[in-house]
Amino acid sequence: MSSERPEEFSQPPVSRSRQTTDDKRDGEAVDTHRSSDDTHHEATTVLVRGETIRDQEPKSTPKDKESAPKDKEKSPRREVSEAKVKMQSRLPALDDDSDVGVQKEQIVIRDGKADLAFAGKLLASAAPPSAPKGQWQEYRIYETNGGQHVFSKVTRSVFAEDQDTHQAEVFDPSPSSVPSQLLRSARDLTRSRPLTWMDAAAAFFGYDPRAKTLYRKFGGQFEEHIS
């Protein structure tokens, strides 16, 4: 018998380096697949977070919607009177400036009292140079043919819903007919001298800038002279 052993045919051994390389490639394939899954997961997470953020955005509540129209109702556009707007545009001129010094039948309106009707003349009037807020006052002093003086204060507004207001008082040289409120104020001002219609006018109008404008139209009669 021959001692030689038959040749055995087998697969050549795989080198460790090649096997290691193949393992790495397989690992990379696995990692790539895993990375793809992770990316998909992260994208989904971002989408979910985006939805979560949108859910947290402030939304108008029914209460807010109800309050919006109410705020508009608080400041509605006010209707104005065209006639009053024309009067305002002519300030400080007044409609009856041409009547100053003219003898005629006069009617002075008073709120809450009877209107004053008399024959006489308008001595002077005064109004502000402008009325930026749509309201102003007019001061007038009349003299009747009987020697009495009438003081009138009219408050006007350009807004149609606002009614003009009228105040008026009469000064009579006779002490018994002087209104008590004017008499007290005038006595406080004059004390030692007789009461005059100028004292009564100062008690009625006061000394605001408009009143002083009115007084200047009488020269220096309303000035307090001292030595």
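Keep in mind that what you see is a predicted model, and the values were worked out from it rather than measured.

**Student:** Is there a simple way to think about the side chain of aspartate 164 in this case?
**Tutor:** With respect to the helices, strands and loops of the structure, aspartate 164 is situated in the loop between strand S4 (149-157) and strand S5 (165-171). Given the relative accessible area of 16%, aspartate 164 is considered buried. A polar contact of 3.0 Å, which involves the side chain of aspartate 164, links it to the side chain of lysine 84. A distance of 2.8 Å separates the side chain of aspartate 164 from the side chain of arginine 156, its partner in a polar contact. Leaving out residues up to four positions away in the same chain, aspartate 164 has contacts with Lys84, Asp111, Thr155, Arg156 and Ser157.

**Student:** What should I look at first to understand the sheet that holds S4 in this one?
**Tutor:** The strands making up a sheet associate through hydrogen bonds between their backbones, and the pairing can be parallel or antiparallel. Sheet architecture is open: five strands sit in the order S1-S2-S3-S4-S5, paired in antiparallel fashion. Strands at the two margins of the open sheet, each flanked by one partner only, are strand S1 (104-108) and S5. Strand-to-strand twist of the sheet, defined as the mean angle between neighbouring strand axes without regard to direction, takes the value 40°. Sheet strands in contact with helix H5 (residues 197-205) are strand S3 (135-144), S4 and S5, and its direction is about 20° off that of S4.

**Student:** Help me out: how do you make sense of the packing of aromatic side chains in this one?
**Tutor:** Note on aromatic pairs: each is described by the distance of the centres and the angle between the planes. Counted under the stated rule, the structure contains 10 aromatic pairs. Look at tyrosine 207 and tyrosine 215: their rings are 5.7 Å apart centre to centre, the planes differ by 70°, and that puts the pair in the edge-to-face class. Both rings, one in tyrosine 215 and one in phenylalanine 222, keep their centres 4.2 Å apart while their planes meet at 10°; by these two values the pair is stacked. Here tyrosine 215 and phenylalanine 222 have matching classes, each one buried. The ring centre of tyrosine 139 lies 5.6 Å from the NZ or CZ of arginine 210, which sits over that ring.

So, how was this worked out
In this convention, every chain numbers its residues from 1, walking through the sequence in written order. Under the rules for a predicted model, residues below a pLDDT of 70 receive no local features and side-chain atom pairs below 80 are neither given nor counted, while totals for whole chains, interfaces and linings still include all residues. Only hydrogens and water are set aside when side-chain values are computed; all heavy atoms of the structure are taken into account. Here a strand is any run of E in DSSP of at least two residues, a helix any run of H or I of at least four, and the numbering for each starts at the N terminus. Partly exposed residues are those whose accessible area sits between 20% and 50% of the maximum for their type, while under 20% is buried and over 50% is exposed, using a 1.4 Å probe and protein chains only. Each polar contact in these results corresponds to two N or O atoms within 3.5 Å; when the atoms are within protein, one needs to be able to donate a hydrogen and the other to accept it, and residues that are neighboring in sequence are counted only if both atoms are side-chain atoms. Contacts are assigned to residue pairs with any non-hydrogen atoms lying within 4.5 Å of each other. Strands pair, by our definition, only if DSSP identifies at least two bridges between them. What counts as an axis is a line fitted to C-alpha atoms, over the stretch in contact for a helix, and the angles between N-to-C directions run from 0 to 180 degrees. Stacked, edge-to-face and tilted labels apply to pairs of Phe, Tyr and Trp rings (six-membered ring for Trp) whose centres lie within 6.5 Å, assigned for plane angles under 30 degrees, over 60, and everything in between, in that order. Criterion for a charge above a ring: Lys NZ or Arg CZ within 6 Å of the ring centre, and within 35 degrees of the ring normal.

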